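# Coordinate inspection notes
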Amino acid sequence: MSENDLSSLALLASLSLHESELHGLVSGMIVRSPHGDEHSIARLVDRIRPGLCDRHALEQFSKTVYDDLVDPQCTYSLLLPTDDEELHARVTGLRMWLLGFLEAVRPLAESKLSGPQADFFHEFHSDLEQVAELEDIDDSDEEDLEEIEEALTSILEFLRIGVLNMFEIIKDEEI
């Protein structure tokens, strides 16, 4: 599914949450409950954010995100403002995505995972918390802008691959 279609589904699912936050929250719920279906994921999201989402649209959105996570072509990506938008808006979107995701996976981080990949999970979770604390970026300095853009691209790919790995770890874990 294209990013525009996913963005449209996000808007249908919730007019109250920023699409990046909703995507992070749903992604985190799927990581947290990788064997759940779109109905159970929507219920979990509704429990955390009661009444803020249209259930049917949220179920469609959840199914789409789940399908992206399990796609063998690794089509999963974070739903963030596009590269055409100002750097500040993209960093804000990233922060919102991280807040939603971290809120959803917090119970996993607090649990005692015991599988062989538990160390990766906890280390990656800690990295996510650090990225969420990014300060606002001054995009007025043109010389630093290209370097910042490259760093942001690297961070986004790190997060994307990390989420895919986290999903596989929890899916294989006996919790």
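To start, this report covers the structure provided alongside it. Because the structure is a prediction, the values reported are computed rather than measured. Every chain is numbered independently, its residues counted from 1 as its sequence is written. Residues qualify for local features only when their pLDDT is at least 70, as the model is predicted, and side-chain atom pairs are given and counted only at 80 or more; totals for whole chains, interfaces and linings, by contrast, use all residues. Each side-chain value is worked out from all heavy atoms of the structure, with water and hydrogens disregarded.

### Describing the overall build of the protein chain
Here is the rule we go by: Helix and strand labels come from DSSP, where a helix needs a run of H or I of at least four residues and a strand needs a run of E of at least two; each type is numbered from the N terminus. Note on exposure labels: buried denotes an accessible area under 20% of the residue type's maximum, exposed denotes more than 50%, and partly exposed covers the range between, all computed with a 1.4 Å probe on protein chains only. Contacts are residue-level and defined by heavy atoms, with any inter-residue pair within 4.5 Å sufficient.
When its secondary structure is counted, the protein chain shows 7 helices and 0 strands. Listed N to C, the secondary structure of the protein chain is α-α-α-α-α-α-α in terms of helices and strands. Taking all 175 residues of the protein chain together, 45% fall into the buried category. The contacts of the protein chain with a sequence gap of at least 6 include a subset with a gap of at least 24, amounting to 73%.

### As for the side chain of arginine 90
Here arginine 90 is to be found in helix H5 (residues 87–110). The buried category is assigned to arginine 90, whose relative accessible area is 5%. Those residues within four positions of arginine 90 in sequence are excluded, and the remaining contacts are Pro81, Thr82, Asp83, Glu85, Glu149 and Leu152.

### Quick word on H5
The following threshold applies: A helix is expected to span 1.5 Å for every residue after the first. The angle separating two fitted axes, one through the seven residues that finish at a residue and one through the seven that start at it, defines the bend at that residue.
Here H5 spans 33 Å end to end across 24 residues, near enough to the 34 Å set by a 1.5 Å rise per residue. Along H5, the sharpest kink reaches roughly 45°, centred on alanine 104 and followed within four residues by the proline proline 107.

### Re the nonpolar core
Spelled out, the test is: Among buried residues, the Ala, Val, Leu, Ile, Met, Phe, Trp, Tyr and Cys ones that are joined through side-chain atoms within 4.5 Å form a nonpolar core.
Counting 47 residues, the largest nonpolar core has Val26 and Val31 as its most contacted members. Of all the secondary-structure elements, those providing two or more residues to this core are helix H2 (19–32), helix H3 (38–48), helix H4 (55–70), H5, helix H6 (118–132) and helix H7 (142–172). Discounting residues that sit within four places of it in the chain, valine 31 has contacts with Phe101, Val105, Leu108, Val163, Met166, Phe167 and Ile170.

### Topic: the packing of H2 against H5
Packed helices, taken two at a time, are described by the angle their axes make and the gap between the axes. Just so we agree on the cut-off: Between N-to-C directions, angles cover 0 to 180 degrees, with each direction set by a line fitted to C-alpha atoms, over the stretch in contact for helices. Orientation labels follow simple angle bins: below 35 degrees gives roughly parallel, above 145 gives roughly antiparallel, 65 to 115 gives roughly perpendicular, and whatever is left gives oblique. When the near helix sits turned anticlockwise from the far one by under a right angle, the crossing is termed left-handed; a clockwise turn instead gives a right-handed crossing. Three classes are used, and their members are as follows: Ala, Val, Leu, Ile, Met, Phe, Trp, Tyr, Cys and Pro are nonpolar, Asp, Glu, Lys and Arg are charged, and the others, Gly among them, are polar.
Running from N to C, H2 and H5 cross one another at 25°; their axes reach a closest spacing of 7 Å. It follows that H2 is roughly parallel to H5 by the angle criterion. In terms of crossing hand, the pair formed by H2 and H5 is right-handed. Seen from H2, the contacting residues are Ser20, Glu21, His23, Gly24, Leu25, Ser27, Gly28, Met29, Val31 and Arg32; seen from H5, they are Gly93, Met96, Trp97, Gly100, Phe101, Glu103, Ala104, Val105, Pro107 and Leu108. Across the contact of H2 with H5, the residue classes tally to 10 nonpolar, 7 polar and 3 charged.

### A closer look at the layout of surface pockets
To keep it simple, the criterion reads: For cavity detection a 1 Å grid was placed over the protein atoms alone, and a set of points counts as a cavity when a 1.4 Å probe fits there but cannot get out; an open set counts as a pocket when protein lies on both sides within 12 Å along at least five of seven lines, with lining residues being those that have an atom within 4 Å of a point. Grid points are joined across faces, edges and corners, and a volume is the space filled by probe spheres set on the points.
Space inside the largest pocket adds up to approximately 360 Å³. Leu78, Leu80, Pro81, Asp83 and Leu156 are, among the 14 residues lining the largest pocket, the residues nearest its centre. In terms of residues, the lining of the largest pocket owes the most to one element, H7, which gives 6 residues. Residue classes in the lining of the largest pocket are distributed as 5 nonpolar, 3 polar and 6 charged.

### Brief notes about the packing of aromatic side chains
Operational definition: Stacked, tilted and edge-to-face are the three classes assigned to paired rings of Phe, Tyr and Trp, where Trp is represented by its six-membered ring and a pair needs centres within 6.5 Å; plane angles under 30 degrees give stacked, over 60 edge-to-face, the rest tilted.
What the rule picks out here adds up to 3 aromatic pairs. Both rings, one in tyrosine 66 and one in phenylalanine 167, keep their centres 6.0 Å apart while their planes meet at 80°; by these two values the pair is edge-to-face. With tyrosine 66 in helix H4 and phenylalanine 167 in helix H7, this pair connects stretches of sequence that are 101 residues apart. Using a relative accessible area of 0% as the deciding quantity, one classes phenylalanine 167 as buried.

### Remarks on the pattern of salt bridges
Which entries qualify depends on this criterion: The term salt bridge refers to a side-chain nitrogen of Lys or Arg lying within 4 Å of a carboxyl oxygen of Asp or Glu.
Within the structure shown, the criterion is met by 7 salt bridges. The shortest N-O distance in the salt bridge between glutamate 21 and arginine 49 comes to 2.9 Å. Highlighted residues: glutamate 21 in helix H2 and arginine 49 in the loop between H3 and H4, separated in sequence by 28 residues. Taking relative accessible area as the criterion, glutamate 21 reaches 15% and is therefore assigned buried. Since its relative accessible area comes to 14%, arginine 49 is described here as buried. Each member of the salt-bridge network shares a partner with another, and the members are Glu21, Arg49 and Glu103.

Such coordinate-based values are descriptive only and should not be taken to indicate function.
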